[in-house]
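Now for the letters of each chain:
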Amino acid sequence: MTIAGVRAALDLETAASEMLAWMADLYPICRSITGDGVRETLSLVKQQIPLTVHEVPSGTPVFDWTVPKEWNVRDAWVETADGERVIDFRTSNLHVLNGSVPVHARMSLEALRPHLFTLPEHPDWVPYRTSYYAERWGFCLSHNRLQRLREGEYEVCIDATLENGHLTYGECYVQGETSDEVLLSAHVCHPSLANDNLSGIALLTFLARALAGLRPRYSYRFLFIPGTIGAITWLALNEAHVGRIKHGLVVACVGDAGRSTYKKSRRGDAEIDRVVAHVLRHAGAAYEIVDFSPYGYDERQFCSPGFDLPVGCFMRTPHGRFPEYHTSADDLDLVQPAALADSLDKALAVIEVLEGNGTYVNLNPRCEPQLGRRGLYRMLGGPADAGLDELALLWTLSLSDGRHCLLDVAERSGQPFAAVRRAADVLEHHGLLTDAHVQPHPAGGIRP
Ligand code: ZN
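So, here is what we can say about the structure in this document.

Cut-offs and rules
- Residues numbered from 1 in each chain as written.
- Predicted model: local features only at pLDDT ≥ 70, side-chain atom pairs only at ≥ 80, totals over all residues.
- Heavy atoms only, no water.
- Pairing = 2+ DSSP bridges.
- Helix = DSSP H or I, 4+ residues; strand = E, 2+ residues; numbered from the N terminus.
- Axes fitted to C-alpha atoms, helices over the stretch in contact; angles between N-to-C directions.
- Contact = heavy atoms within 4.5 Å.
- Disulfide = S-S within 2.5 Å.
- Buried < 20%, exposed > 50% of the residue type's maximum accessible area, 1.4 Å probe, protein only.
- Phe/Tyr/Trp six-rings, centres within 6.5 Å; stacked < 30°, edge-to-face > 60°.
- Donors = N, O, S within 2.8 Å, 3.2 Å for Na, K, Ca; no water.

In any sheet, the strands associate via hydrogen bonds between backbone groups, in a parallel or an antiparallel arrangement. Read across the sheet, three strands follow the order β18-β17-β19 without closing on themselves; strand pairing throughout is antiparallel. Looking at which strands have only one partner, the edges of the open sheet turn out to be β18 (401–405) and β19 (433–435). Across this sheet, the average inter-strand angle for adjacent strands is 35°, counted without regard to direction. Bridge count for strand β17 (residues 359–362) against β18 is two bridges, and the pairing is antiparallel. The partner of V361 across the bridge, within β18, is D401. Running over the sheet, helix α12 (residues 406–413) touches β17 and β18 and is turned about 65° from β18. The strands touched by helix α13 (residues 417–429) within the sheet are β17 and β19, with β19 carrying the most contacts at an inclination of about 105°.

If you want it as structure tokens, here you go:
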């Protein structure tokens, strides 16, 4: 079966409800950039797809960075003198400043205050805050909760460890016909946040599942890595092989109700940039394409000038542009099944174009070939789209001079890629078109 076949056969509604149910299993896990939360997450991914889990020791130099100590947290709380837990990690892992050093002390509310983080503009929500590279401790809570805290002495405890261990990441490789790779990456370092982090993990996992058992043209490498340091670590360990990466996407925030957004690679005109733009243009819904900027997800690392990989970022509403971003309101209710399904379908559509794109040569380039004699007009579909397919045939013949790929044909003709791909298949079958790599010069063609 082909990617197009897989995409056509996929029941998106069922896929989305499966993805959401699976995200509910991942949701309670306290992830961070290192530690058992990442391992537990990857073990759930491994139940779905073949995954290799890598452990990189703390202290390993990775370019200008160092793999940090491993953080694990068992419990965290703030308790009144009466023994009432006013902040409790067990009710939400967002309550602990992610990466906190351990603490166990008694202190006044005044002394505690600098360690408490709230969101006054959304007083019911708990913010998600991190402290990875400075040895700090703290708690996050709703502003309403903070305002109800009375003066007095509190017992505070963060039962955590920050010690030498490992940075953990997962990798799933789908072998294709060539060693040229498509890189797909999602971050796995956020605790109970659904759209930011879990939607990307779910999309990539189900995408890898959809590709399993196929023999695609490209090989596919799926990375499940902690943000920033995970990408830096992966690049440091795989520097010698990055030349195989021909296209790539970082996938994040793909489940909210907002429109699809694509952030272009640093190159801006890479094939992946054009392919995603093409898919979004023909998807029949509002979308946004934004230029690269060195701020965002791990495309920052993949596109850094020393690598300059053709990797864009596939999202719905970008980070920081939805109010629930990095708060307790980014929960499973924020993720819309239809949006998740739509994102999965578009990702498959992108792969379908990448897989199907190629450059061809018209074997009958002197004037139009006589299509009717070859029965090609009879092959056209129903009257409604007959004109479309005819145009696709003519455009494909017209631009197949060994210098234009099928995506060029689709863009210039305004046809969806699938129609152009279908036209190329039919023309090839009838000996009117051949792969430019097989036949580099147009037979009988006149070269300037
Ligand atoms: Zn985030």
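The final tally for this structure, using the stated rule, is zero disulfides. Of all cysteine sulfurs in the structure, the one in C30 sits closest to C157, which takes part in no disulfide; the separation is 14 Å. When its relative accessible area of 9% is taken as the criterion, C157 is described as buried. C313 supplies the cysteine sulfur nearest to C303, a cysteine that is in no disulfide, at a spacing of 9.6 Å. C303 gets classed as buried once you look at its relative accessible area, which sits at 1%.

Turning our attention to the packing of aromatic side chains. Taken as a whole, this structure holds seven aromatic pairs when the rule is applied. Ring plane angle 80° and centroid distance 6.0 Å describe the contact between Y132 and Y133, whose orientation is recorded as edge-to-face. Look at W234 and F302: their rings are 6.5 Å apart centre to centre, the planes differ by 70°, and that puts the pair in the edge-to-face class. Of the two residues, W234 is situated in helix α7 (residues 229–237) and F302 in helix α9 (residues 299–302); the sequence distance between them amounts to 68 residues. Each of the two residues, W234 as well as F302, counts as buried. Through a chain of ring-to-ring contacts, the aromatic side chains of W65, Y132 and Y133 assemble into a single cluster.

Let's shift gears to the coordination of the zinc ion. The protein atoms donating to the zinc ion are H190 (NE2), D196 (OD) and H326 (NE2), with metal-donor distances spanning 2.0 Å. We note that the donor set of the zinc ion lies within a single chain, spaced as H-x5-D-x129-H. With H190 in the loop between β11 (181–187) and α6 (194–211) and H326 in the loop between β16 (311–315) and α10 (337–356), this residue pair connects regions lying 136 residues apart in the sequence. Residue H326 is classed as partly exposed on the basis of its relative accessible area, which comes to 21%.

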